[in-house]
Amino acid sequence: MALSGDNNDRGELRIHENLDELRTDLADYIAELSEAAVKERGVFAIALSGGSLIGLMGKLCEAPYNKTVDWAKWYIFWADERVVAKNHSDSNYKLAKDGLLSKVPIVPSHVHSINDSVSAEEAADEYMFVIRQLVKTRMVGVSDISDCPKFDLILLGMGPDGHIASLFPNHSVLDETDEWVTFITDSPKPPPERITFTLPVINSASNVAMVVTGESKAEAVHSAIDNIGPDCPSLPARLVQPSKGKLIWFLDKPAASKLDGFQFSE
Ligand SMILES: O=C(O)[C@H](O)[C@@H](O)[C@H](O)[C@H](O)COP(=O)(O)O
């Protein structure tokens, strides 16, 4: 690893020399959290996002992880999903199924994707209902400071604009505190209709990992971690502040290149 360290309330920073090193570190991290959650709770509730994240999780499909991880105990969710058919190339479910879930022995009934045959609003409501049932049976934990679900791990990517999940800068969904899952129909990044976990749910997780690579993200990484720039307070990535959980940033050097205090040799 090029560098690692803590940055005040902005969590642990893990800056990797290259993507291969990041992929290995990410697989180790997820495998360790899975083992700990299964030991403590008997299950591992993990929420995925879309984008480059799934490809960066690819080592989990390879040895030793494909054999050592207790896949039967995994319960899979999406922190955000595009409201398109499950076989559509824009579907985050399809992305994860093709890139990860079909390659490891996950129990099909543990995969909780959205209903793709209803409106965005109905899909968000139904998804919240599903999560509520799983919180009741403690397949998903519950926060001890609110009634929010406490996922063992929420994995997030970040766009160059600082969006996370489908929470975009200056969008009213950033203020949603009543619902666990909400919807938008005007996403600035296509497709327009999406469902998304709200900030209270993200910030109730036991662990949140921000997996961000590439130079196009460097400015937003700098704003989010160094608390820089006029848009900072409403930058969605800046609002990821788990109340009791642990936040870790998995970065490559280009994404970290504008961080204060980080000097890299070529
Ligand atoms: O459904 C989505 O659009 C994603 O969940 C989104 O939040 C993604 O994670 C970021 O846009 C980063 O994507 P990249 O890692 O591909 O840049």
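Bear in mind the structure is a predicted one, so any value in this text is a computation, not a measurement.

What counts, and where the lines are drawn
- The residue numbering used here restarts from 1 in each chain and proceeds along that chain's sequence as written.
- Given that this is a predicted model, residues contribute local features only at a pLDDT of at least 70 and side-chain atom pairs are listed and counted only at 80 or more, while totals for whole chains, interfaces and linings are drawn from all residues.
- With hydrogens and water excluded, all non-hydrogen atoms of the structure serve as input to the side-chain values.
- Runs of E in the DSSP output that reach at least two residues are strands. Runs of H or I that reach at least four are helices, and both are numbered from the N terminus.
- Partly exposed describes any residue whose relative accessible area lies between the buried limit of under 20% and the exposed limit of over 50%, with all areas from a 1.4 Å probe on protein chains only and scaled to the type maximum.
- Polar contact criterion, stated in full: a pair of N or O atoms within 3.5 Å, where within protein one must be able to donate a hydrogen and the other to accept it, and residues adjacent in sequence count only if both atoms are side-chain atoms.
- Aromatic rings from Phe, Tyr and Trp, with only the six-membered ring used for Trp, were paired whenever their centres fell within 6.5 Å, and each pair was classed as stacked if the ring planes differed by under 30 degrees, edge-to-face if by over 60, and tilted otherwise.
- We count a charge as sitting over a ring when the NZ of a lysine or the CZ of an arginine lies within 6 Å of the ring centre and within 35 degrees of the ring normal.
- In what follows, salt bridge is the name for a side-chain nitrogen of Lys or Arg lying within 4 Å of a carboxyl oxygen of Asp or Glu.
- Whether a residue is near a molecule or strand depends on its heavy atoms: if one lies within 4 Å, it is near.
- We get accessible surface area from the Shrake-Rupley algorithm with a probe of 1.4 Å; when it comes to residues, only the shown protein chains can shield them.
- The definitions used throughout rest on a 1 Å grid laid over the protein atoms alone, on which a cavity is an enclosed set of points accommodating a 1.4 Å probe that cannot get out and a pocket is an open set flanked by protein within 12 Å on both sides along at least five of seven lines; lining residues are those having an atom within 4 Å of a point.
- By definition, a pocket or cavity contains a molecule when more than half of the molecule's atoms lie within 2 Å of the pocket's grid points.
- Amino acids outside the nonpolar list (Ala, Val, Leu, Ile, Met, Phe, Trp, Tyr, Cys, Pro) and the charged list (Asp, Glu, Lys, Arg) are all regarded as polar, and Gly is one of them.
- Residues belong to one nonpolar core when they are buried, are Ala, Val, Leu, Ile, Met, Phe, Trp, Tyr or Cys, and are joined through side-chain atoms within 4.5 Å.
- A pair of strands is considered paired only if DSSP assigns at least 2 bridges between the two.
- Axis angles are defined between N-to-C directions and span 0 to 180 degrees, where every axis is a line fitted to C-alpha atoms and, for a helix, only to the segment in contact.

Novice: What is the right way to look at the environment of Ser187 in this model?
Specialist: Considering the arrangement of structural elements, one finds Ser187 in the loop between β9 (181–184) and β10 (194–197). When its relative accessible area of 8% is taken as the criterion, Ser187 is described as buried. Remark: the alpha-carbon pair of Ser187 and Lys217, spanning 30 residues in sequence, is separated by 19 Å. At 3.1 Å, the side chain of Ser187 and the side chain of Arg194 are in polar contact.

Novice: Looking at this structure, I do not really get the packing of aromatic side chains. What am I missing?
Specialist: This structure, assessed with the given rule, holds six aromatic pairs. Between Trp71 and Trp74 the ring centres are 4.5 Å apart and the planes differ by 50 degrees, which places this aromatic pair in the tilted class. The same class applies to Trp71 as to Trp74, namely buried. By way of ring pairs, the aromatic residues Phe44, Trp71 and Trp74 are connected into one cluster. Just above the ring of Tyr93 sits the side chain of Lys86; from NZ or CZ to the centre is 5.9 Å.

Novice: Quick question: what am I supposed to make of the pattern of salt bridges here?
Specialist: Should their charged atoms come close, side chains of opposite charge can pair. Tallying each qualifying case throughout the model produces 12 salt bridges. Residue Lys246 pairs with Glu12 through a salt bridge whose shortest N-O separation is 3.0 Å. Of this pair, Lys246 sits in strand β12 (residues 246–252) while Glu12 sits in strand β2 (residues 12–16), and the two are 234 residues apart along the sequence. Using a relative accessible area of 13% as the deciding quantity, one classes Glu12 as buried. Through salt bridges with shared partners, a single ionic network connects Glu12, Arg14, Asp25 and Lys246.

Novice: I tried to follow the site of the ligand on my own but got confused; where do I start?
Specialist: Near the ligand there are 15 residues, and of these Ser52, Asp80, Arg82, Lys189 and Lys217 occur at the shortest range. In this structure, Lys189 approaches the ligand through a side-chain N or O atom, which is 2.7 Å from an oxygen atom. For the ligand, whose free accessible area comes to 420 Å², the fraction covered by protein is 90%. The pocket occupied by the ligand, as judged from atoms lying within 2 Å of grid points, is the largest pocket. Looking at side-chain class alone, the shell around the ligand contains two nonpolar, eight polar and five charged residues.

Novice: What's the story with the nonpolar core in this structure? I'm lost.
Specialist: Looking at soluble globular proteins, one finds that nonpolar side chains tend to be buried together. Grouped together as the largest cluster of nonpolar side chains are 93 residues, with contacts concentrated most on Ile30, Phe77, Leu155, Phe197 and Trp249. With nine residues, helix α1 (residues 19–41) is the largest single contributor of residues to this core.

Novice: Help me understand the sheet that holds strand β1 (residues 3–6), please; the structure alone is not making it clear to me.
Specialist: Two pairing modes exist for strands in a sheet, parallel and antiparallel, and in both the strands are linked by backbone hydrogen bonds. Strand order in this open sheet of seven strands is β1-β2-β12-β11-β8-β3-β4, and the pairing throughout is mixed. Here the strands that pair on one side only, and so sit at the sheet edges, are β1 and β4 (74–78). Each adjacent strand pair in this sheet contributes to an overall mean axis angle of 15 degrees, direction not counted. Judged from the five bridges that link them, β2 and β12 form a sheet pairing that is parallel. Residue pairing in the sheet places His16 in a bridge with Asp252 of β12.

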